[in-house]
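Below are the chains, spelled out letter by letter.
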Amino acid sequence: MFLIYNFDCIQFFSFMQEKILITGAGGQLGSVLTLKLQEKFGFDRIIATDLYPKIGHRGHFEILDATDYQKLESIVIKHSITQIYHLAAILSASGEKTPVKTWDLNMKTLINVLEVSRIQGVHKVFFPSSIAVFGDNASKDNTSQDQFLLPSTIYGISKATGENWVNYYYIKYGLDVRSLRYPGVIGHQSLPGGGTTDYAVDIFHKAIHNKPFECFLSASAQLPMIYMEDAIRATIELMEAPKQNITIRSSYNIAGMSFNPNQLFLMIRKTYPKFTITYKPDFRQQIADTWPNSIDDSNARRDWGWNPKCDLESMTSSMIKNLKLKQ
Ligand code: AKB
């Protein structure tokens, strides 16, 4: 009893000591994760950073271009940071327009985060990877964790390389970096920017405004997706899992649901029977063609109890309900 009490106290004490820095805090995932971490740890414990301040942001905020090591290090020292969630990155579709810039930014920011953590004693880091690490060679259905990675986009190449870097820092320096291969993230709280899966958020904004939707993917382009609530929960559950349970130090596959634009359209039509869609596939269809249709996340389920709650139907009704509230 005494031992259990003592252990709980130690855990509670170290929890209360956490100081968490988030890069890319103004982005689709970053803005929602910032709120969740503020709610969990308290406003004082969270330092949101991005290139530009977010209008209406509550709590600590620092302007940071994470390619600037000196600035990053000064913020880490100033706030005695113990954990970093490194979300800043250029995504798949935007990345294809500026491949060299995308490589430079995605790699430089990650290496800066790893280095500052090693040098300044940050003890835990989160690195978001993506289903974009898989290429055309990988099996499309129920794609397993250990496929040979041959990504088709520079974004995917930067994430696959990033997975190797974080694994290297764990092996060489013992830095506790944890990572998820996110599918497309769908949420009502924020807009995605520059991804191949963005259509699955854009479509809802058109539907609730009674406007037709032109889809940049084909009707049958099935991709793995996850609802924002599940994505945030997965991130925090992974970060809080006991260290000895983490067997994958590159990045965990996680799955939420899988559907194609036609299936999503038909689901939305149940609420908006007059909603219309046209298909005009562009270069993003070629990216989608190389990505999995669905993901096998059995390692995440086994190691830290991952279990998605949201499917296509519940995600659709939650998106519509929440977007209508904002109208
Ligand atoms: C993108 O489409 O680039 C992202 C991703 C799947 O990583 N949403």
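So, here's what we can say about the structure. (Residues numbered from 1 in each chain as written. Predicted model: local features only at pLDDT ≥ 70, side-chain atom pairs only at ≥ 80, totals over all residues. Heavy atoms only, no water.)

1. A closer look at the overall build of the protein chain
No. 1: Each helix and strand in the protein chain was counted, giving 12 helices and 12 strands.
No. 2: A compact globule built from 327 residues should have a C-alpha radius of gyration of about 20 Å, and the protein chain, at 20 Å, falls within 12% of that.
No. 3: Across the 327 residues of the protein chain, 54% fall into the buried class.
No. 4: A separation of at least 24 residues holds for 79% of the contacts in the protein chain among residues at least 6 apart in sequence.
No. 5: Split by element, the accessible area of the protein chain, about 14900 Å² in all, is 56% carbon and sulfur.
No. 6: Of the charged side chains in the protein chain, 34 are positive and 31 negative, and the gap between their average positions amounts to 5 Å. (Helix = DSSP H or I, 4+ residues; strand = E, 2+ residues; numbered from the N terminus. Rg over C-alpha atoms; globule rule 2.2 N^0.38 Å. Buried < 20%, exposed > 50% of the residue type's maximum accessible area, 1.4 Å probe, protein only. Contact = heavy atoms within 4.5 Å. Areas by Shrake-Rupley, 256 points an atom, 1.4 Å probe, with all protein chains shown as cover. Lys, Arg positive; Asp, Glu negative; His and termini not counted. Charge placed at Lys NZ, Arg CZ, Asp CG, Glu CD.)

2. Considerations on the packing of helix α2 (residues 28-41) against helix α8 (residues 228-240)
No. 1: Running from N to C, α2 and α8 cross one another at 55 degrees; their axes reach a closest spacing of 10 Å. Judged on the interaxial angle alone, α8 and α2 are oblique. Regarding α2 and α8, the two cross each other, and that crossing is right-handed. Here Gln 28, Leu 29, Val 32, Leu 33, Lys 36, Leu 37 and Lys 40 of α2 come into contact with α8, specifically with Met 228, Ala 231, Ile 232, Thr 235, Ile 236 and Glu 240. (Axes fitted to C-alpha atoms, helices over the stretch in contact; angles between N-to-C directions. Parallel < 35°, antiparallel > 145°, perpendicular 65-115°, else oblique. Left-handed = near helix turned anticlockwise from the far one by under 90°.)

3. Describing the sheet that holds strand β11 (residues 257-259)
No. 1: The mixed open sheet is built from three strands, whose spatial order is β7-β9-β11. One side of each edge strand has no neighbouring strand; the edge strands of this open sheet are β7 (184-186) and β11. Direction aside, neighbouring strands of the sheet carry axes that sit 40 degrees apart on average.
No. 2: Both strand β9 (residues 223-227) and β11 contribute to a ladder of three bridges, which runs antiparallel. When the bridges of β11 are listed, Leu 223 appears paired with Phe 259.
No. 3: Along the sheet, α8 contacts β7 and β9; its crossing angle with β9, the most-contacted strand, is approximately 80 degrees. (Pairing = 2+ DSSP bridges.)

4. So, the site of the ligand
No. 1: Residues in contact with the ligand, as listed here, are Leu 91, Ser 92, Ser 130, Ile 131, Tyr 155, Pro 183, Gly 184, Gly 195, Thr 196, Thr 197 and Trp 291.
No. 2: Between an oxygen atom of the ligand and a main-chain N or O atom of Thr 196, the distance comes to 2.7 Å.
No. 3: With the chains in place, 94% of the 250 Å² that the ligand exposes on its own is no longer accessible.
No. 4: When grouped by side-chain class, the residues that make up the shell around the ligand number five nonpolar, six polar and no charged. (Near = heavy atom within 4 Å. Polar contact = N/O pair within 3.5 Å; in protein donor to acceptor, adjacent residues only side chain to side chain. Nonpolar A, V, L, I, M, F, W, Y, C, P; charged D, E, K, R; others polar.)

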